[in-house]
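Residue-level listing of the chains:
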Amino acid sequence: MRDNIDTDYLILVSSDGKKNGLEIFKDRIKKNKWPIYDRTPQLLNVKAGKNVIFYIAGTGEKKQSFVGTAKIKKRINTQDDVSDPHQEFRKVMFYIEFEDIRFFQKSISIKDHIEKLDFIKNKEKYGLYFQGGVCKIDEISHNYIINCSNR
């Protein structure tokens, strides 16, 4: 899952830091400014036109759930040595801005749908697939999550 083979579908993960994952997600969406760090596994795939699903990791409210979708509108380059206030020891390479942001009416718990998600090969250790902040997802799994949000 960590290879950089081109894909049109990504998952952006918000995990606990100085705040819980959901609060960090809300802050980033409110500003429409999502940091991409220097060691992000899918760094080469993070570019305009990609479809993303937002996932809340961590232990707080809406943990381990998909909460919305968007399309990457553009990359915003940073000045040198910028760090994220929520993850202070992580160097920000650039930020991304979104268009077509849509929040799911009800969050989608991964545990309720894990068997249907093809991008997760080892279902018992699904958390490994969300490490690094950005992960790729296949089109079928992406569409499955979107369809679940419409129910």
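Being a predicted model, the structure only gives us computed values, none of them experimental.

1. Side note on the overall build of the protein chain
Stage number 1. Helix and strand counts for the protein chain stand at three helices and seven strands.
Stage number 2. Shown N-terminal to C-terminal, the secondary structure of the protein chain runs as helices and strands in the order β-α-β-β-β-β-β-α-β-α.
Stage number 3. The buried share of the protein chain, reckoned over its 151 residues, is 47%.
Stage number 4. Taking as baseline every contact in the protein chain between residues at least 6 positions apart, the subset at least 24 positions apart corresponds to 68%.
Stage number 5. Total accessible area computed for the protein chain in this model is approximately 8300 Å², and 46% of it derives from carbon and sulfur atoms.

2. Describing helix α1 (residues 21-31)
Stage number 1. Looking only at α1, the buried set comprises G21, L22, I24, F25, D27, R28 and I29.
Stage number 2. The opening residue of α1 is N20, an N-cap whose side-chain oxygen sits 3.0 Å from the backbone nitrogen of L22.
Stage number 3. Downstream of α1 by one or two residues, N32 has phi in the positive range, about 50 degrees.

3. Considering the confidence of the model for the protein chain
Stage number 1. When pLDDT is averaged across the protein chain, the result is 88; 89% of the residues are at 70 or more.
Stage number 2. Within the protein chain, strand β5 (residues 83-84) has the poorest average pLDDT of any element, 57, and strand β3 (residues 51-56) the best, 96.

4. A look at the pairing of β3
Stage number 1. Of all six residues making up β3, six are buried, and the element is well covered by its neighbours.
Stage number 2. In this structure, strand β1 (residues 9-14) lies alongside β3, joined through six bridges in parallel fashion. Counterpart to I11 in the pairing with β3 is I53.
Stage number 3. In terms of strand pairing, β3 meets strand β4 (residues 65-77) through six bridges, oriented antiparallel. Of the residues in β4, the one forming a bridge with I53 is T69.

5. Comments concerning helix α3 (residues 139-149)
Stage number 1. Among the residues making up α3, those that are buried are S141, H142, Y144, I145, I146, C148 and S149.
Stage number 2. Regarding α3, its N-cap is D138, as a side-chain oxygen of that residue lies 3.2 Å from the backbone nitrogen of I140 further along.

6. Some details on the environment of D100
Stage number 1. Assignment of secondary structure puts D100 in strand β6 (residues 87-109).
Stage number 2. Owing to a relative accessible area of 59%, D100 belongs among the exposed residues under this scheme.
Stage number 3. Sequence spacing of D100 and K73 is 27 residues, and the spatial spacing of their C-alpha atoms is 8.8 Å.

7. Quick word on unusual backbone geometry
The phi angle of most residues is negative, glycine excepted, and most peptide bonds adopt the trans form.
Stage number 1. Positive phi values are uncommon outside glycine, yet N32 reaches one of about 50 degrees.
Stage number 2. Structurally, the position occupied by N32 is in the loop between α1 and β2 (34-37).
Stage number 3. For K62, which is not a glycine, the phi torsion comes out positive at approximately 60 degrees.
Stage number 4. What makes K62 partly exposed here is its relative accessible area of 34%.

8. What about the nonpolar core?
Stage number 1. I11, Y55, F66, I120, F130 and I145 are the most contacted members of the largest nonpolar core, which has 23 residues in total.
Stage number 2. Elements supplying a minimum of two residues to this core: β1, β3, β6 and α3.
Stage number 3. Top element by residues in this core is α3. It accounts for four residues.
Stage number 4. With residues up to four places along the chain from it excluded, the contact list for I120 reads I110, I114, Y126, Y129 and F130.

What counts, and where the lines are drawn
Counting restarts for each chain, with residues numbered from 1 along the sequence as it is written. The model is predicted, so local features are restricted to residues of pLDDT at least 70 and side-chain atom pairs to those at 80 or more, both for listing and for counting; the totals for chains, interfaces and linings are taken over all residues. Heavy atoms from the whole structure form the basis of all side-chain values; hydrogens and water molecules are not counted. Secondary structure counts use DSSP, requiring at least four H or I residues in a row for a helix and at least two E residues in a row for a strand, with both numbered from the N terminus. We call a residue buried when its accessible area falls under 20% of the maximum for its residue type, exposed when it is over 50%, and partly exposed in between, using a 1.4 Å probe and counting protein chains only. Throughout, a residue-residue contact means that at least one pair of heavy atoms, one from each residue, lies within 4.5 Å. Methods summary: accessible areas were calculated by the Shrake-Rupley approach with a probe of 1.4 Å, and residue burial reflects only the protein chains presented. N or O atoms within 3.5 Å of each other form a polar contact, as long as, within protein, one can give a hydrogen and the other can take it, and as long as residues adjacent in sequence are counted only when both atoms are side-chain atoms. A residue's pLDDT is the confidence the predictor assigns to it, expressed on a 0 to 100 scale. Note on pairing: DSSP must find at least two bridges between two strands before they are called paired. Put simply, a nonpolar core is a bunch of buried Ala, Val, Leu, Ile, Met, Phe, Trp, Tyr and Cys residues held in one set by side-chain atoms that sit within 4.5 Å of each other.

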